[in-house]
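# Observations on chain architecture
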Amino acid sequence: MAIIHLLDDDVAVTQACAFLLESLGYEVRCWEQGETFLAEVNLHQVGVLLLDMRMPVLDGQGVHEEMRRRDSTLAVVFLTGHGDVPMAVEQMKRGAADFLQKPVSAGPLQAALERAQQVSIAAFSRHEIVACYQQLTPKERQLASLVAQGLMNREIADAMNIAVRTVEVHRARVMEKMQAGSLAELVNRLQQVL
């Protein structure tokens with residue numbers, strides 16, 4: 001199960017929420033300041049950030065914006081006592097998984113966290129695929145693009161003006177670097193980055 005990060009400057013709220021989440025079986029980590037959270041947490045993992053909107057220095061919107069800038073794979077669920085519909089709509093447009101009002105009961109909170117975890121899993125998967133793709137050389141990227149277009153080895157060799165055997169070698173390296181066990185898996189992974 002993914003870790004749940006709680007970021008709220010109200011310690012009493014954080015402790016109560018952490019107690020509730022732990023009783024539901026979640027692993028919880030509490031934070032009081034956005035700057036500390038951003039400095040210390042691994043932003044590229046599967047997990048959910050339950051984020052308060054109003055906090056001193058760096059507010060929830062600022063934290064969310066910085067996470068987007070850093071391409072974080074953590075899903076964000078706003079949990080605030082100071083929200084309104086336009087604010088919720090704006091944050092959802094910016095990629096928040098959900099927007100909840102305090103106080104929230106266990107059912108809606110758990111449902112939001114489950115949806116957010118799926119969002120984070122998908123984001124993390126894509127992040128890993130992009131990291132694999134970035135390991136490819138320019139020639140391997142060109143070949144990968146042609147493979148994704150459905151070209152056969154002979155057609156790729158003609159298009160790249162190289163020998164079929166060279167295509168086979170490059171293709172094997174692309175499969176390995178992209179961590180693909182089959183052609184179908186390779187094409188699926190490439191479609192997420194091309």
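Heads up: these notes are all about the structure in this document.

Attention now goes to empty space enclosed by the protein. Applying the stated rule across the entire model yields 1 cavity of 30 Å³ or more. By volume, the largest cavity is sized at about 60 Å³. When residues of the lining of the largest cavity are traced back to their parent elements, those giving at least two are strand E1 (3-7), helix H1 (11-23) and strand E3 (47-51). Residue composition of the lining of the largest cavity, grouped by class: 7 nonpolar, 1 polar and 3 charged.

Approximately 190 Å³ is the volume attributed to the largest pocket. Looking at side-chain class alone, the lining of the largest pocket contains 6 nonpolar, 4 polar and 3 charged residues.

Read from one edge of the open sheet, 5 strands run E2-E1-E3-E4-E5, paired in parallel fashion. The outermost strands of the open sheet, each flanked by one partner alone, are strand E2 (27-31) and strand E5 (98-101). The average undirected angle you get between the axes of adjacent strands in this sheet is 20°. As judged from the 5 bridges shared by E1 and E3, these two strands associate in the parallel manner. Looking at the pairing, Ile3 lines up with Gly47 of E3. Of the strands in this sheet, strand E4 (75-80) and E5 touch helix H4 (residues 85-93), which is tilted by about 155° from E5.

Quick notes on the rules
Residue numbers run consecutively from 1 along every chain, following the written order of its sequence. Owing to the predicted nature of the model, reporting of local features is limited to residues with pLDDT of at least 70; listing and counting of side-chain atom pairs is limited to 80 or more, with chain, interface and lining totals taken over all residues. Just so you know, side-chain values use all the structure's heavy atoms and leave hydrogens and water out. Cavity and pocket criteria rest on a 1 Å grid covering protein atoms alone: a 1.4 Å probe that fits but cannot get out defines a cavity, protein on both sides within 12 Å along at least 5 of 7 lines defines an open pocket, and an atom within 4 Å of a point defines a lining residue. Grid points are joined across faces, edges and corners, and a volume is the space filled by probe spheres set on the points. Helix and strand definitions follow DSSP, with helices as H or I runs of at least four residues and strands as E runs of at least two, each counted in order from the N terminus. Amino acids outside the nonpolar list (Ala, Val, Leu, Ile, Met, Phe, Trp, Tyr, Cys, Pro) and the charged list (Asp, Glu, Lys, Arg) are all regarded as polar, and Gly is one of them. Two strands are counted as paired when DSSP detects at least two bridges linking them. Axes here mean lines fitted to C-alpha atoms, for a helix over just the part in contact, with angles spanning 0 to 180 degrees between N-to-C directions. Contacts are assigned to residue pairs that have any heavy atoms within 4.5 Å of one another.

So, to be careful, I would describe these as geometric facts and stop short of saying anything about function.
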